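Spelled out from the first residue to the last, the chains are:
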Amino acid sequence: MSTLTWIIAASLLGGALSLLFAAILSLNARLSWLSMLVSYAIGALLGAAFLNTLPEAFELSDNPSQVTMTVLIGILVFFILEKLVLWRHCHIEDCEAHDPSHGLTATATVASHHQHDHGRSGFMVIVGDTFHNFVDGILIAAAFMVDVQLGIVTSIAIIAHEIPQEAGDFIILLNSGYTRRMAFLMNLLSSLATVVGGVLAYFMLHKMNFLVQPLLGLASASMIYVAMSDLIPGLHKRPEIHATIQQVTLILLGISSIWLVGNIFPHT
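Residues numbered from 1 in each chain as written. Predicted model: local features only at pLDDT ≥ 70, side-chain atom pairs only at ≥ 80, totals over all residues. Heavy atoms only, no water.

This part covers the side chain of Thr53. With respect to the secondary-structure elements, Thr53 resides in helix H2 (residues 34-59). Assessed through its relative accessible area of 0%, Thr53 is described here as buried. Excluding residues that lie within four positions of it along the chain, Thr53 makes contacts with Ala48, His132, Leu216, Ala219, Ser220 and Met223. (Helix = DSSP H or I, 4+ residues; strand = E, 2+ residues; numbered from the N terminus. Buried < 20%, exposed > 50% of the residue type's maximum accessible area, 1.4 Å probe, protein only. Contact = heavy atoms within 4.5 Å.)

This is how it looks when you write it as structure tokens:
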């Protein structure tokens, strides 16, 4: 096969496999477990940002402050995007500012929040994942252009890294109010960015090198923002000690899964 064929095949197969395994892991879970699994998703997002994406961005930059500035700008951009989503919903339906659940009991508020968040966190995580998948496509292409064997190894490592993160994305989309079918379709569309990144990199890799570091920074910003702004506040609505222990345990499990996969399948 030609190098371009290898790149396209690896990108498509990588996206399909990671999506399939993540769907099996997350979509077979009972909906009653959803609020509990959000804690795992938080850990997976933070682990992917701080143990995977950010270290890669720092490796590619001669000036670490450029990476941190990109993350800072990214967090602000995602805050503005979320405000725009809220503004849109405030004009078509009751929004959080006019939420009738305000002032209700803590139990009722948790139940209301669990229904959906107008798709905000799901939208944010898909935007960030698309950036990340695009960069993965560039990495796959770069590896195959050096050597086919190196490309295969790199593709396996990327697929392994994506599985726990994609599972976390599914959980966040479901928690955000998306149906299982829509969650799968949105992740499928996001995974196609890997193919786009791979093909573009094959034809203009040297012209695209400057994009990798800022895209990794933006992907990190989206993961950190969604975890800290949209998901963690929901956990505070269950302050009981047993719930807190459960949440911390699952967050650590999510972080550990990213760390474990990263050590078993390190990026080449």
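Following the structure, the description resumes.
The next thing to look at is the packing of aromatic side chains. By the definition in use, this model includes three aromatic pairs. Ring centres of Trp6 and Phe144 lie 5.7 Å apart, and the angle between their planes is 20°; this geometry places the pair in the stacked category. Here Phe144 lies in helix H5 (residues 120-146) and Trp6 lies in helix H1 (residues 3-27), a separation of 138 residues in the sequence. Judged by relative accessible area, which is 4%, Phe144 ranks as buried. Considering the side-chain rings of Tyr202 and Phe203, the 5.0 Å spacing of their centres and the 85° angle between planes classify their relative orientation as edge-to-face. Under the relative-accessibility criterion, Tyr202 is labelled partly exposed at 30%. (Phe/Tyr/Trp six-rings, centres within 6.5 Å; stacked < 30°, edge-to-face > 60°.)

On to the nonpolar core, then. Counting residues in hydrophobic clusters, the biggest one holds 57 residues, and the most contacted among them are Ile42, Leu45, Ile138, Ile172, Val226 and Leu231. Those elements that provide at least two residues to this core are H1, H2, helix H3 (64-92), H5, helix H6 (148-175), helix H7 (180-235) and helix H8 (241-264). Considering each element in turn, this core owes the most residues, 19 residues, to H7. The contact partners of Leu231, leaving out residues within four places of it in the chain, are Val38, Ile42, Leu45, Ser121, Ile172, Asn175 and Val226. (Core = buried A, V, L, I, M, F, W, Y, C linked by side-chain atoms within 4.5 Å.)

To continue, consider a nonpolar patch on the surface. Together, Leu13, Leu17, Leu20, Phe21 and Ile24 line one region of the surface with nonpolar side chains, adding up to about 440 Å² of accessible area. Relative to the elements of secondary structure, Phe21 occurs in helix H1. (Patch = residues over 30% accessible without salt bridge, like charges linked within 9 Å, V, L, I, M, F, W, Y side chains within 5 Å. Areas by Shrake-Rupley, 256 points an atom, 1.4 Å probe, with all protein chains shown as cover. Salt bridge = Lys/Arg side-chain N within 4 Å of Asp/Glu carboxyl O.)

Structurally, the position occupied by Met145 is in helix H5. Judged by its relative accessible area of 38%, Met145 falls in the partly exposed class. Setting aside its immediate chain neighbours within four residues, Met145 contacts Thr3, Ile7, Ala201, Tyr202 and Leu205.

Throughout the structure, instances matching the rule amount to two cavities of 30 Å³ or more. Considered as a void within the structure, the largest cavity measures approximately 60 Å³ in volume. Taken together, 13 residues form the lining of the largest cavity, with Gly14, Gly15, Ser18, Glu162 and Thr194 sitting closest to its centre. Looking at the lining of the largest cavity, the elements with two or more residues in it are H1, H5, H6 and H7. Element by element, the count of residues in the lining of the largest cavity is highest for H1, at five residues. In the lining of the largest cavity, the residues fall into three nonpolar, seven polar and three charged. (1 Å grid on protein atoms, 1.4 Å probe; cavity = no way out; pocket = protein on both sides within 12 Å on 5 of 7 lines; lining within 4 Å. Points joined across faces, edges and corners; volume = space filled by probe spheres on them. Nonpolar A, V, L, I, M, F, W, Y, C, P; charged D, E, K, R; others polar.)

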